[in-house]
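# Observations on chain architecture
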Amino acid sequence: MKKLILAGITMILAITNLSLSAQVKNFTLSTEKPVAGEQVGVIYNPKGTVLEGKKKITATVYQFCNYQWRKNDIVLEKKDSIWTANYLLPADASLVAFKFKSGKSVDIGQSMAYGWLLFGKDGKNVPGAYAGWAFLRNASVPEMFPDFTKTQFLIGDDVVVYWMEQQLRYVPSSKRDIFYAHLKVLKKVDAEKAKKAAVRDIAYMKNLPDLTEKDLNNIKRVYAEILELPASADSMANVIASIDSAAIKSRNPEKLAAMKLIGAERDYKKLLQLNISFLERFPMDKADRAFDQANRIDYAKVYSSILIIASVEKDAVTFKKYITTAPFATLPNAFYKCMYVPYVSLKSFTAEQVYEYARPMMDRLMDFSEVKPEGFMDVYLGNAGVYADVLMHLNKNEAALGFANAAQQKYEYGNSPLNEVTAILLERAVQQDKLKFVLKSSMKKNQMTPLMLEMMKKNYIALHKSEAGYDTYLASLKDVKLNAELESKVKESMIKKDLPEFSVKNNKGKLVKLSDQKGKVVVLDFWASWCAPCKAAFPGMKMAVEKYKNDKDVAFFFVDTQEHIKDYETYVKKYLKDHNFDFEVLFDADAKLSKSFGVGPIPHKMVIDKNGKLRFSEVGYMGSPSELVDEISMMVELARKAD
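What counts, and where the lines are drawn
- Residues numbered from 1 in each chain as written.
- Predicted model: local features only at pLDDT ≥ 70, side-chain atom pairs only at ≥ 80, totals over all residues.
- Heavy atoms only, no water.
- Pairing = 2+ DSSP bridges.
- Helix = DSSP H or I, 4+ residues; strand = E, 2+ residues; numbered from the N terminus.
- Axes fitted to C-alpha atoms, helices over the stretch in contact; angles between N-to-C directions.
- Core = buried A, V, L, I, M, F, W, Y, C linked by side-chain atoms within 4.5 Å.
- Buried < 20%, exposed > 50% of the residue type's maximum accessible area, 1.4 Å probe, protein only.
- Contact = heavy atoms within 4.5 Å.
- Disulfide = S-S within 2.5 Å.
- Salt bridge = Lys/Arg side-chain N within 4 Å of Asp/Glu carboxyl O.
- Phe/Tyr/Trp six-rings, centres within 6.5 Å; stacked < 30°, edge-to-face > 60°.
- Lys NZ or Arg CZ within 6 Å of the ring centre and 35° of its normal.

## Thoughts on the sheet that holds strand 5 (residues 77-79)
Taking strand neighbours across the sheet as the criterion, the 4 strands line up as 1-2-6-5 in an open arrangement whose pairing is antiparallel. One side of each edge strand has no neighbouring strand; the edge strands of this open sheet are strand 1 (27-29) and strand 5. The sheet shows a mean angle of 25 degrees between the axes of neighbouring strands, direction not considered. Both strand 5 and strand 6 (residues 82-88) contribute to a ladder of 3 bridges, which runs antiparallel. Opposite K78, over in strand 6, you have W83 as the bridge partner.

## Quick look at the nonpolar core
Formed by 82 residues in total, the largest nonpolar core has its most connected members in F278 and L365. With 11 residues, the top contributor of residues to this core is helix 16 (residues 376-393). Sequence-distant contacts of F278, defined by excluding residues within four places in its chain, comprise K255, A258, M259, I262, I297, Y299 and V302. Within the second largest apolar cluster, 54 residues are counted, among which are V504, F556, A589 and M606.

## Re the state of the cysteines
On inspection of all chains with the given rule, the structure shows 1 disulfide. Sulfur-sulfur distance for the disulfide between C531 and C534 comes to 2.2 Å. Of note, the bridge from C531 to C534 carries an S-S torsion of about 80 degrees and is right-handed in sense. Since its relative accessible area comes to 3%, C531 is described here as buried.

## Some points on the pattern of salt bridges
In the structure shown here, the tally under the stated rule is 26 salt bridges. When the shortest N-O distance is used, the salt bridge between K175 and D201 registers 3.0 Å. Separated by 26 residues along the polypeptide, K175 in helix 4 (residues 175-189) and D201 in helix 5 (residues 191-206) bring together distant segments of the chain. In this pair, the class of K175 matches that of D201, namely buried. R640 is the partner of E637 in a salt bridge, and the nearest nitrogen-oxygen pair spans 3.2 Å. Residue E637 and its partner R640 are both found in helix 27 (residues 625-641); the two are separated by 3 residues, about one turn of the helix. When its relative accessible area of 29% is taken as the criterion, E637 is described as partly exposed.

## Description of the packing of aromatic side chains
Applying the stated criterion across every chain yields a total of 41 aromatic pairs. Taken together, a centroid distance of 5.0 Å and an interplanar angle of 90 degrees make the contact between F319 and Y357 edge-to-face. Residue F319 is located in helix 13 (residues 316-323), and its partner Y357 is located in helix 15 (residues 351-366); the two are separated by 38 residues in the primary sequence. Accessibility classification places F319 together with Y357 in one group, the buried group. Between the aromatic rings of Y460 and Y473, the centroid separation amounts to 5.2 Å while the plane-to-plane angle is 35 degrees, which identifies the pairing as tilted. One end of the pair, Y460, is in helix 20 (residues 450-464); the other, Y473, is in helix 21 (residues 470-477), and 13 residues separate them in sequence. Judged by its relative accessible area of 8%, Y460 falls in the buried class. An aromatic cluster is defined as three or more aromatic residues linked by ring pairs; in this entry it consists of F27, Y44, Y87, F98, F100, Y114 and W116. K410 extends its terminal NZ or CZ atom over the ring of Y411, reaching a point 5.7 Å from the ring centre.

Structural data, given as structure tokens:
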């Protein structure tokens, strides 16, 4: 115990002396007692730090607000050798810490972090300041640890416990906010003390009015991690819910009735109005979270329903009204249904049309950029590529390139549609070196589109004044390991099965029979007018067709199957003409051929050898035209050699 107290006292002295000396030398604020909600001056002198002499320095401010971290970037202005800025402290912040950076170089303080505990107008530290000071530099509770530092100035668990206990001493009500974090770190320092405190703190928590979902979850975690009572942890939700479920429901029977109506409605236009009415009567910001959880009321689904229906109805006014207050949990589904599906899959929206919905969704997503809820970066990076495509088609090239580059952080040139967007934007920006890098990186991962291959060939000819040796050069860029893995996969998938005869009319009105193809390797691509992945594979299939166009021993047929529209033949002919696909199509609208061949889900590709035996049968499309060409080519060559 003495050791713990001494460590805490030592830390206080360190903060009093070292932080002030460091601040005088390199960093200070315009006031010694900054008040939350008021503006302060930020003064930074990089002399003696890793940033000394840098031409451009920026700053990120980490703010501990209501026991959660947020961060903002601020612009610094250079005056002689000093960098300054005016900064409005958040009204709900209890601590701020500054990170100064230039490129990859970062300065967060030489001997202490550039952190500052904030004060209220009463002259006292804002509740939460001590906790923020501890969490800033200790990762024992990951969800409370920001990305401020990974190695520098990390403090020990015993010091964290000291600051937690100071927090509880001066602000007893903060137990609700930090009791799990405090106990988790305390267990690492003194396990027995932590267990005794856990029993006492759980009793305290259970007696609090209006327990939130976060409170309940923290109680469960203390049962499981501190007291190591899994049975108690598992039953915690039921215990809380069983306090009086009837009483909980009686608190808002109208809300339950409204939700029941929504669940029963099947007319989507009526459903839109029911969901809007629900939000007007029961606003999310005034909701009883415990009540909603007990009754499975999910505001994310309510908002999602409104946004999806509004986008389908092309009701941008309603969409924009409700996206501005939609919870983060709504956004993944909204991006998929309101941007990806209409723009990429169905192509029912032009770039201009989908932008009306995509822009407000991206703006709303950025509202969460400071707090970065779990999954934020996945949603952002996962949708940045499609958004870049939209912006590109609207000639918003600079913004589009920013989003494309961001998306590449996730896909790392392993997504051919994104690679094409990136390449087009770099070509427009006349960034030839970066364009060459993207093309080579994409080729290495075999994620090339026909347009990108044209760019690659154009660059090669411009450099060598001839296309001689181009094929060899192109092959040399491929990842040998990836190519070997693909070849191994193709060989392992090889089969030998009998197939029944077929006789089907093609798009030129002639009958095509399987028996007439004897002596040839036949490639069948089963698709339909409504199948987005089927049509997405066509650029790659076109490349394969062109590769074998002079080979009389290889034939390609595109089997249009499982059709639902009456004028499918007219649609197919127009679609092929509009997209410049010179394919021989077999019409199998009633799916007799596909069923006889065992085809279910599409796209489905089959390769038949010269004796009419089925050798390959593959479902789906992985998204890369260049990889598809290689895969089909390997199948064709193996089928050609088969007995």
